[in-house]
Amino acid sequence: SSGINAEYGDARVAEQAAVDASNPKVLASLKKFDDASSMLLTEPKTKKAKGGKRGKGGKGGKSRDQDDEVMVAPTPALGPTFLSPAQIAAELSDFSVFQSLEPKEEGTLGEIGDLLKKQLDEKYRLALDEEVRKRTQKSSKAQQRADEDTINNLYNTVILCEKGLKVFEDSVKSQIEKHILKTIGTDLIRATFSILAEEYECPYSGDTLKLDSLIPYLPKGAKPHGTSLITSITSGSDVAEFLENYSALTDPQFTQLLVRKLDKKKERNLVFAKKQALLESLKLEEKAGELLNIATSLMFLKQQSCLLHIPGRCISSVLKVVSAGLSEEQQHLLEGLQADVVAELRGEAEMSVERKQALRGLVTDIVFGKHDE
């Protein structure tokens, strides 16, 4: 049967393993098999021999029950299997060598199926293991790239938001920094700490409240930076300090994670992509408060070439900065539109469709420079 095994088995087993590697039931069976096999290797069972009697004699006599413990052969774990003997025989019947069999000789195929079954099951499990391993490895690499892209996007967004803070008074600047750290900063640290937890084998679940559980697992030189970052996103108000500690924690000596600062070209691309996303949101947003927030971000981006990420309570302060670069007519219109938004937020009057469209038109003119002086 070895020739048949080689001709039929290898290719057919590989084909079936490739199909089954995407089958949830087969994968669940494979996991059970692997888990059970690991337990059998690490937890040998013992059993007391039946019929033991208490030993005779003086002090120190032990019962035979205590002595007569014997090793019990582990029960084999049943994992995913290849085709049944009958299915193997049915497939073999398509081979030309078997097509001329007389009806009375067809039992030969069944016997061959029985003989091949065990060998093919072993080959199948090995092929399935290999197929799953390759797919998992490919998936892991793709996930790693996706995680790195997410982290780099968050990191550089924080940098571009920090660039524009210099135009605000200290009291406003502090509020914006707290907001940046509690939102984008928290997302960045959660994503980064998840990667570090895998690298340093820390049982980390992704819960923000347990971020400090990673610190004991970090190298001595990285621990102060990790602790400072947790403090920053919970109660800090200094984005520059946050970025400094983040850069130190993600130094190549501490992690394989590749964190890249933007060059001028990529920075322009990121700002442009953000502007396009905001312009699309400007067209679709109907809530007055959100519409004003988007409008403020677009006008600030136009003037400062920096991203803006602010809490709603700081919009008025940002608009004061923005207004300084507008014409007198634009300033007057913006003040009136802002008053309409505030009135709606207070429940005093609903902002009309026409006034919302006027806000969109003003912002579009400012962003594309139609009425700049």
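Residues numbered from 1 in each chain as written. Predicted model: local features only at pLDDT ≥ 70, side-chain atom pairs only at ≥ 80, totals over all residues. Heavy atoms only, no water.

(A) Geometry of the overall build of the protein. A tally of regular secondary structure across the protein gives 13 helices and two strands. The buried share of the protein, reckoned over its 373 residues, is 35%. Split by element, the accessible area of the protein, about 22,500 Å² in all, is 52% carbon and sulfur. (Helix = DSSP H or I, 4+ residues; strand = E, 2+ residues; numbered from the N terminus. Buried < 20%, exposed > 50% of the residue type's maximum accessible area, 1.4 Å probe, protein only. Areas by Shrake-Rupley, 256 points an atom, 1.4 Å probe, with all protein chains shown as cover.)

(B) Broad picture of the pattern of salt bridges. As enumerated under the stated definition, the model contains six salt bridges in all. Among the ionic pairs, lysine 283 bridges to glutamate 280, the shortest N-O distance being 3.8 Å. Note that lysine 283 and glutamate 280 are positioned in helix 9 (residues 264–284) at a spacing of three residues, about one turn of the helix. Judged by its relative accessible area of 57%, lysine 283 is exposed. A salt bridge links glutamate 286 to arginine 360, with the shortest nitrogen-to-oxygen separation between them at 3.5 Å. With glutamate 286 in the loop between helix 9 and helix 10 (288–304) and arginine 360 in helix 13 (residues 353–367), this residue pair connects regions lying 74 residues apart in the sequence. Using a relative accessible area of 8% as the deciding quantity, one classes arginine 360 as buried. (Salt bridge = Lys/Arg side-chain N within 4 Å of Asp/Glu carboxyl O.)

(C) Representation of the confidence of the model for the protein. Model confidence for the protein is summarised by a mean pLDDT of 80, while 75% of its residues fall at 70 or above. The weakest mean pLDDT in the protein belongs to helix 3 (residues 64–67) at 49; the strongest belongs to helix 8 (residues 239–249) at 96. Note on residues 73–77: pLDDT under 50 across the span, and six contacts to partners over four residues away in sequence or across chains. (pLDDT = per-residue confidence, 0-100. Contact = heavy atoms within 4.5 Å.)

(D) Expanded view of the nonpolar core. Counting 69 residues, the largest nonpolar core has Phe193 and Phe242 as the members making the most contacts within it. With eleven residues, helix 6 (residues 170–199) is the largest single contributor of residues to this core. By size, the runner-up hydrophobic cluster in this structure holds 13 residues, among which are Ala17, Ile112, Tyr124 and Leu128. (Core = buried A, V, L, I, M, F, W, Y, C linked by side-chain atoms within 4.5 Å.)

(E) The arrangement of the packing of helix 9 against helix 13 in detail. Close contact between helix 9 and helix 13 brings their axes to 10 Å; oriented N to C, the two are set at 160 degrees. As the angle between them shows, helix 9 and helix 13 are arranged roughly antiparallel. Remark: the crossing between helix 9 and helix 13 carries left-handed chirality. Contacts between helix 9 and helix 13 pair Lys275, Leu282 and Lys283 from the former with Arg360, Val363, Thr364 and Val367 from the latter. Tallied by class, residues from the contact of helix 9 with helix 13 come to three nonpolar, one polar and three charged. (Axes fitted to C-alpha atoms, helices over the stretch in contact; angles between N-to-C directions. Parallel < 35°, antiparallel > 145°, perpendicular 65-115°, else oblique. Left-handed = near helix turned anticlockwise from the far one by under 90°. Nonpolar A, V, L, I, M, F, W, Y, C, P; charged D, E, K, R; others polar.)

(F) The side chain of threonine 255, seen in detail. By secondary structure assignment, the location of threonine 255 is in the loop between helix 8 and helix 9. For threonine 255, a relative accessible area of 7% corresponds to the buried category. Among the polar contacts made by the side chain of threonine 255, one reaches the side chain of glutamate 199 at a distance of 3.0 Å. (Polar contact = N/O pair within 3.5 Å; in protein donor to acceptor, adjacent residues only side chain to side chain.)

(G) Molecular detail of helix 6. Glycine 185 marks the point of greatest bend in helix 6, at about 40 degrees. Downstream of helix 6 by a residue or two, glutamate 201 has a phi angle that is positive, lying close to 55 degrees. (Bend = angle between axes of the 7 residues up to and from the residue.)

(H) A look at the packing of aromatic side chains. Enumeration over the complete set of coordinates arrives at three aromatic pairs. Between phenylalanine 242 and tyrosine 246 the ring centres are 6.4 Å apart and the planes differ by 20 degrees, which places this aromatic pair in the stacked class. With phenylalanine 242 and tyrosine 246 both in helix 8 and four residues apart, the pair spans about one turn of that helix. In this structure phenylalanine 242 comes out as buried when scored by relative accessible area, which is 0%. In textbook terms, an aromatic cluster arises when at least three aromatic residues are bridged by ring pairs, as seen for Tyr155, Phe242 and Tyr246. (Phe/Tyr/Trp six-rings, centres within 6.5 Å; stacked < 30°, edge-to-face > 60°.)

(I) Just helix 11 (residues 315–323), in detail. Here helix 11 has its buried residues at Ile315, Val318, Leu319, Val322 and Ser323. One side of helix 11 carries all its buried residues, which in axial view fall inside an arc of 135 degrees. Packing partners of the buried residues in helix 11 comprise helix 10 and helix 12 (328–345). (Arc of directions from axis to C-beta.)

(J) Expanded view of unusual backbone geometry. One non-glycine residue, glutamate 201, adopts positive backbone phi at about 55 degrees. Following the sequence through the fold, glutamate 201 ends up in the loop between helix 6 and helix 7 (223–235). For serine 305, which is not glycine, the phi dihedral falls at a positive 55 degrees. Considering the arrangement of structural elements, one finds serine 305 in the loop between helix 10 and helix 11. On the basis of relative accessibility, which here comes to 45%, the residue serine 305 falls in the partly exposed class.

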